[in-house]
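Below are the chains, spelled out letter by letter.
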Amino acid sequence: MDFGFTDDQRDIQRTARDLLSERAKPERVREHAESGRSDSELWRELCELGWPGIAVSEEYGGQGLGRIELSILCEELGRSLAPVPFLASVLAATVIEHSASEAARERWLPGIASGETLGALGVAVDGTAELVVGGAEAQVIVLVEDDGTGRVLAAEEAEVEKIASIDPTRTAARVSAGDGGEALDGDVAAGVDRALVAVSSELVGVCDRALEMTVAYVKERKQFGVPVGAYQAVSHRCAQMLLETEKARSTAAFAAWTADADPERLAEAAAMAKAAASDAGREVTASAIQAHGGIGFTWEADVHWLYKRAQLDAVLLGGAGSQRARLAGILADRVRASAAA
Amino acid sequence: MDFGFTDDQRDIQRTARDLLSERAKPERVREHAESGRSDSELWRELCELGWPGIAVSEEYGGQGLGRIELSILCEELGRSLAPVPFLASVLAATVIEHSASEAARERWLPGIASGETLGALGVAVDGTAELVVGGAEAQVIVLVEDDGTGRVLAAEEAEVEKIASIDPTRTAARVSAGDGGEALDGDVAAGVDRALVAVSSELVGVCDRALEMTVAYVKERKQFGVPVGAYQAVSHRCAQMLLETEKARSTAAFAAWTADADPERLAEAAAMAKAAASDAGREVTASAIQAHGGIGFTWEADVHWLYKRAQLDAVLLGGAGSQRARLAGILADRVRASAAA
Amino acid sequence: MDLTFSPQETAFRDELRAWLAANAPAPEPSDGGEDAHYAWRRDWQRRLYDAGWAAPAWPTEYGGRGASLTESAIYFEEIGRARVPMAANVLGLLLGGPTLMVWGTPEQKERYLPPILSGEEIWCQGFSEPDAGSDLASLKTRAVKDGDDWVVTGQKVWTSGAQYSKWCMLVARSDSEAAKHKGLTYFLMDMEQDAVQVRPLRQITGEAEFNELFIEEARIPDANIVGGVGNGWKVALTTLMNERAGLGFALQIRLRQLLDDLIAKAAERGMLERYGDALAELHVRCESIRLLAWKGLTDVERYGQPGPEGSLVKWLWSDTNQRLTQLAVDIVGAEALTSGESWSYELLRARGNTIEGGTTEVLKNIIAERVLGLPRLKVAA
Amino acid sequence: MDLTFSPQETAFRDELRAWLAANAPAPEPSDGGEDAHYAWRRDWQRRLYDAGWAAPAWPTEYGGRGASLTESAIYFEEIGRARVPMAANVLGLLLGGPTLMVWGTPEQKERYLPPILSGEEIWCQGFSEPDAGSDLASLKTRAVKDGDDWVVTGQKVWTSGAQYSKWCMLVARSDSEAAKHKGLTYFLMDMEQDAVQVRPLRQITGEAEFNELFIEEARIPDANIVGGVGNGWKVALTTLMNERAGLGFALQIRLRQLLDDLIAKAAERGMLERYGDALAELHVRCESIRLLAWKGLTDVERYGQPGPEGSLVKWLWSDTNQRLTQLAVDIVGAEALTSGESWSYELLRARGNTIEGGTTEVLKNIIAERVLGLPRLKVAA
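Criteria and cut-off values
- Along every chain, residues carry numbers that run from 1 in the direction the sequence is written.
- Starting at A for chains and at 1 for ligands, labels are handed out in the order in which the entities are written.
- Totals for whole chains, interfaces and linings use every residue, but because this is a predicted model, local features are given only for residues with pLDDT of at least 70 and side-chain atom pairs only at 80 or more, for both listing and counting.
- By convention in this description, side-chain values take in all heavy atoms of the structure and omit both hydrogens and water.
- Strands are runs of DSSP state E lasting at least two residues, helices are runs of H or I lasting at least four, and both sets are numbered from the N terminus onward.
- What the globule rule says is 2.2 Å times the number of residues to the power 0.38, and the radius of gyration is computed from C-alpha atoms.
- With a 1.4 Å probe rolled over the protein chains alone, any residue whose accessible area is under 20% of its type maximum counts as buried; one over 50% counts as exposed, and the rest are partly exposed.
- Per-residue and other accessible areas were derived by the Shrake-Rupley procedure at a 1.4 Å probe size, with only the shown protein chains allowed to occlude residues.
- Should any heavy atoms of two residues lie within 4.5 Å, those residues are counted as being in contact.
- Counted as positive: Lys and Arg. Counted as negative: Asp and Glu. His and the chain ends are not counted at all.
- For the purpose of locating charges, the reference atoms are NZ of Lys, CZ of Arg, CG of Asp and CD of Glu.
- The term salt bridge refers to a pairing of a side-chain nitrogen on Lys or Arg with a carboxyl oxygen on Asp or Glu at a separation within 4 Å.
- At least two bridges found by DSSP between two strands are what make those strands a pair.
- Every axis corresponds to a line fitted to the C-alpha atoms, with the helix fit spanning only the stretch in contact, and the corresponding angles, defined between N-to-C directions, vary from 0 to 180 degrees.
- As used in this structure description, the phrase polar contact means that two N or O atoms lie within 3.5 Å; if the pair is within protein, one of them must be able to donate a hydrogen and the other to accept it, and residues adjacent in sequence are counted only when both atoms belong to side chains.
- Following the grouping adopted for this structure description, the nonpolar residues are Ala, Val, Leu, Ile, Met, Phe, Trp, Tyr, Cys and Pro, the charged ones are Asp, Glu, Lys and Arg, and the polar ones are all others, Gly among them.
- A 1.4 Å probe defines the accessible area here, and the buried area is the portion of it lost by two parts on being joined, summed over both.

Colleague: Any details on the overall build of chain A? Residues and values, ideally.
Modeller: Along the backbone of chain A there are eleven helices and nine strands. For chain A, the C-alpha radius of gyration of 20 Å lies close to 20 Å, the compact-globule estimate for 341 residues. Principal-axis analysis of the C-alpha atoms gives chain A an extent of 65 × 55 × 40 Å. A total of 341 residues make up chain A; the buried ones form 67% of that total. Carbon and sulfur atoms make up 48% of the accessible area of chain A, which amounts to about 11,700 Å² in all.

Structure representation (structure tokens):
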């Protein structure tokens, strides 16, 4: 029983944090967000380091590392809000690797792993996904339906309508599949559950950063001669932010671990992780704005980017309510099984 | 537009509060609760003042005042936790007056109005109500079902099994109707909605008292040399208690007013009042215990009586969840009607 | 207790409602940015003014209708219900005018009230400062006497409409020796001078509702002092007391409309069942806000001062609006996260509700200390 | 990261689980009140002791098994899972013994540890006082030197098991001149003297888990000082540090069992659909508590000290238990409000969870100051 990272995992985390704190400073993120452009220079650098392929298996040109390593990168990228198409691409790769045909895997995965190809993943109803993060610039789009079916499509096979979401650090699109692409024939749920874990980890990073910025601010900012962080209204809010963050972090870590080590528990763990992370993302980033007071409501304070990222991630691939509904189903099955036993 | 009490209503409130603060002191309430006895001396006094019949019409021997006047008494009795069978009796009277046959009204109402007869009201499923407040000592029991039907029974016509609830300031029983008694043939819902308002008002009184006790305590109790009520963790908790209480109070007042003045809105108003009051009752009394610290968890501190009363009242005639489900139905009907218009 | 309108109140409401139905504002401009939008609201104020509806709560001698408190609340409810904008000069009408009526000299009233009412001169409020936050007593903007003038230097923040304003209600420190809240004076500062620079303060919604003011030796004549030198604290409190009274009713109606829209949307998308509990709770809160607002009005009418309801209403309203707009994301879907759509605007804008006009933390302090009588925490720096 | 047990840990768990399956405690007495109940738990400790399972975390030299932290956690999980009671002398085993191992003299260890382990001598904890609350530095119980003895006078509160105890871990003020937390000394007070009166403190559940101690010139010999005169603050902190480590795992499992019972009840009553969202959220919280507890253990094993998880786990656990037992009222119905039923007991008992062992308010302070590094508020009286 060991809840910590290995030395290698810690190295990945440290390297990623150092790199991003240097290359994805708030000014740079804001500059790209305001102009609506991806940070192609940073993206090139991350591709050279092999990030997009970290969890893709070696036979498809990836690094073949585990879901924990992927979660580490997702968390760090969430912290930095780096305007790069990383998350969308690895979500697509995850589902393709787990449930697309061998031909589709060979066609798409090496490109995604090298970063030359961009992917995106959306949840569709009757073939249409209303909001696909990364969808506007992806070359390959995976659409999954609630019934466990899905399709993988080249972008030109789909109807892609660009959307300006409230989070301009990434592109987004409305995507309709029509009859295009190829049906997924493998275990779609296993891919989607791993994708849920990656989103959850990004949310943990967003929360972590929101708390860090807030703590730094409330230590400095004074009211009636005292740092506002000394008042319980503020300090207890920060404690609550930590609680939410750690609740999300612990369940996301567990889910990442089950994905490789105990896949039978993955569905439950992924639903828990996404439920906890979606709630935490919304609450912690909203709290961050509140704790910043008037400044927090201004464009320049930069906390709003975290809030906006969290709002999108919270509903991505199903929000807290849907995840809890899934969990309730799992709990119901379990109680029925134990009653039958 | 006037949200205040009339002079007469204010007199009723002042008289009731003065009387109960004299006759239902905490020591006396505790003494009766511990021995599980009703305060028959106080009850006799209240009967002499005509309280049980305040809202019963004059033709049945009551005072014929309105639902607002009844709510005032319910609130004051909730504040004091006086161990008398008032609430149960007026709940029964309300439903009998609105929905029982003329014969049943003549049979039961004069006795309830004078206090010689005790009543009780329960929500039954298939003829059985699991927990009827006041059921163990009532001579007349009204059982209503979720489908809007109901029966009025003499106690000897029903199967009555005494229950020791966690609130020993009142009796309780499990009641089964069997084939006994007489079916209600009037507007059962109209009676139950008015009963809901009375329970809501009692809960407002419970909340009000819980807040009052808490404020008094946290002004006195010191920690690190300062009254604990000066710390925001405590003072903001008290503010939250006030918010919950006022939310419940305003909706209960509105519902009491609609009952007499705008009956078409009563169903909605009663559901709102009970939803707000049930939530407030649970949260405010739990907060009161917490704000008292270790002392609040002791028998002697007396706040627990408020908590226990609130727990029972919160589920009485349907808890917050059921009331919101009703409300959602009303909202859905309304949106359908406006779409059709 | 009587929650119906009197015949007179009903007549007032019906007259206003009929006028609003017959006199819609011009169509909201779809381009031209904030300037065009403001011009549109100014035009709307002119129409209200011409019909005598710009400020019904003002006494008839100043061009109002001498409307009662209830009628004034009805006015804001109806403005909200008709989904028409507020008059452009909202701060002049609600704060500046009423403050002058209490503290102004006859000359000041005569000079300033008419153009407030007509919208010819727009007013803004210069109270908040970057380092002061909720702490009015620690204002740093200085006013130094120079002949018959005062020379003012400092920085203000959260001044909405500053770029369109002729006059600023400015509180500045006129005596640096006096105890903190004793050395303040309330000025009317002419915004049309080079010494005053307005910089828009962009919000998380992307728009700039507010501004920063940079004041570098602005000149204000003695005649523009309201309520006397050193009396600024008291005069400012009058302004603040007026701040929320009427607006609450407009906000409450706006919340109601949003909720009705959301319920309709949930019905349309087959989600009434799934979100019934949450929508019903929002309904209870909306109704409670409405009731508490009316109760507050009754208290003012009966006892001459508002009860605890003011702070409770603001708190409950802001929290409810945040819950509502967050729930909308789950019900409405992608549209609520798409830039430029009204649901996404409401979501982002709502975050300001618990900060502007008294943060929720400050409101809780006020409730604890002034309503519940809890001791104030004395902190040592 | 490896969330499976090692072969050694698995063997430890299997051995214990098998032993517990074969060695159930005697049936819980249904009457005889608290005395009979306590005698039953004492008997159970004797059985654990005889099999070497009373305190596996104690070093082998003191009669334990030298269990690792993980094994110790497994121990409490299994005790909880088997639904058997804690050993009667829980405070001696978890707090008193470990404190002596750090601060005791060889003679003290030899004298006190064996009867703690066997349950022959029960221990209680005399830290809290009526006016001190969370503020250990303001303790008022006085200890005055008199020859080779100390004479102690004062009042203690929240001492559980005092009526059955031979020894009390008592912190008293031995030097009234010294700075607040410097004048404290940690004593072992013999409870079998007339100078010590125990009064049961009835809780809102009706039972008396705790007591008040009235101490009127009790005598304690020099030999019964632990860690030296004036060092009581530090010694007490050692005790407090041990307080939650193991118990957390037992509480966590108990919560899990309650939730499983509630889910089964909801299924039985056809309420899984209606309360699915709330039950799923409780499930997420339960799992998160389990994970955070294990994470805390990893931190201790890796870095020698617990991370922030301890306070977070206690906070989350207590809040979750309150939500769970409140939800049970809606699901279980009348039974949960009937005196003497287990659900109603849990409902009432849960109210103490956010108070005992550090109130939630104190935990938040600790998290804010020690984990997040926020400044401590200095208050002026």
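So, next bit.
Colleague: Account for the overall build of chain C, with residues named and values stated.
Modeller: For chain C, the count of helices and strands is eleven helices and eight strands. Taking 2.2 N^0.38 as the reference for a compact globule, 381 residues should give roughly 21 Å; the C-alpha atoms of chain C span a radius of gyration of 21 Å, in line with that estimate. Within chain C, buried positions represent 56% of all 381 residues. The long-range fraction of contacts in chain C, counting pairs at least 24 apart against all pairs at least 6 apart in sequence, stands at 70%. With an accessible surface of roughly 15,600 Å², chain C has 51% of that area assigned to carbon and sulfur atoms. Across chain C, 41 positive and 54 negative side-chain charges occur, with their mean positions spaced 4 Å apart.

Colleague: Please give an account of the pattern of salt bridges that cites residues and values.
Modeller: The final tally for this structure, using the stated rule, is 118 salt bridges over all chains. Residue Glu130 of chain A is joined to Arg174 of chain A by a salt bridge in which the shortest nitrogen-to-oxygen separation is 3.2 Å. Within this pair, whereas Glu130 of chain A is found in strand S2 (residues 128–133), its partner Arg174 of chain A is found in strand S6 (residues 172–176), the two being separated by 44 residues in sequence. Judged by its relative accessible area of 38%, Glu130 of chain A falls in the partly exposed class. Here Arg17 of chain C makes a salt bridge to Glu78 of chain C, at a shortest N to O gap of 2.9 Å. Highlighted residues: Arg17 of chain C in helix H1 (residues 7–22) and Glu78 of chain C in helix H3 (residues 69–81), separated in sequence by 61 residues. Glu78 of chain C gets classed as buried once you look at its relative accessible area, which sits at 3%.

Colleague: Tell me about the sheet that holds strand S1 (residues 119–124) of chain A, and name the residues and values.
Modeller: Residue and element names in this part refer to chain A. Taken together, four strands build an open sheet; the order of strands is S1-S3-S4-S7 and the sheet is mixed. Every other strand in the sheet has two partners, leaving S1 and strand S7 (182–183) as the edge strands with one partner each. Both S1 and strand S3 (residues 140–145) contribute to a ladder of six bridges, which runs parallel. By the bridge assignment, Val123 is partnered in S3 with Val144. This element, helix H5 (residues 86–99), spans S1, S3 and strand S4 (150–154) of the sheet and lies at about 70° to S1.

Colleague: Give a description of the interface of chain A and chain C that names residues and reports values.
Modeller: Contact with chain A, which involves 36 residues of that partner, is made by 34 residues of chain C. The tally of links between chain A and chain C comes to three salt bridges. One salt bridge in this structure joins Glu361 of chain C and Arg237 of chain A, with 3.0 Å as the shortest N-O distance. The interface formed by chain A and chain C holds 13 residue pairs in polar contact (both at pLDDT 80 or more) in total. Within the residue set of the side of chain A that touches chain C, elements represented by two or more residues are S2, strand S8 (222–223), helix H8 (232–261), helix H9 (266–291), helix H10 (303–315) and helix H11 (320–340) of chain A. The element that contributes the greatest number of residues to the side of chain A that touches chain C is H10 of chain A, accounting for six residues. Of the residues that constitute the side of chain A that touches chain C, the class distribution is 16 nonpolar, twelve polar and eight charged.

Colleague: An account of the interface of chain D and chain A is needed here, citing residue identities and associated values.
Modeller: The accessible area lost on association of the parts is a frequent measure of interface size. Taken together, the contact between chain D and chain A spans 48 residues of the former and 46 residues of the latter. For the pair chain D and chain A, the summed buried surface comes to about 4,200 Å²; carbon and sulfur atoms form 71% of the total. Viewed at the interface, chain A and chain D are joined by five salt bridges. Glu281 of chain D serves as the salt-bridge partner of Arg324 of chain A, at 3.5 Å between the closest nitrogen and oxygen. Applying the counting criterion to the chain D and chain A interface returns 15 residue pairs in polar contact (both at pLDDT 80 or more). When contributions to the side of chain D that touches chain A are tallied by element, the ones reaching two or more residues are helix H7 (247–268), helix H8 (276–303), helix H9 (309–332) and helix H11 (360–371) of chain D. Ranked by residues supplied to the side of chain D that touches chain A, first place goes to H8 of chain D with 19 residues. In the side of chain D that touches chain A, the residues fall into 25 nonpolar, nine polar and 14 charged.

Fair warning: the whole summary comes from geometry, so function is off the table for now.
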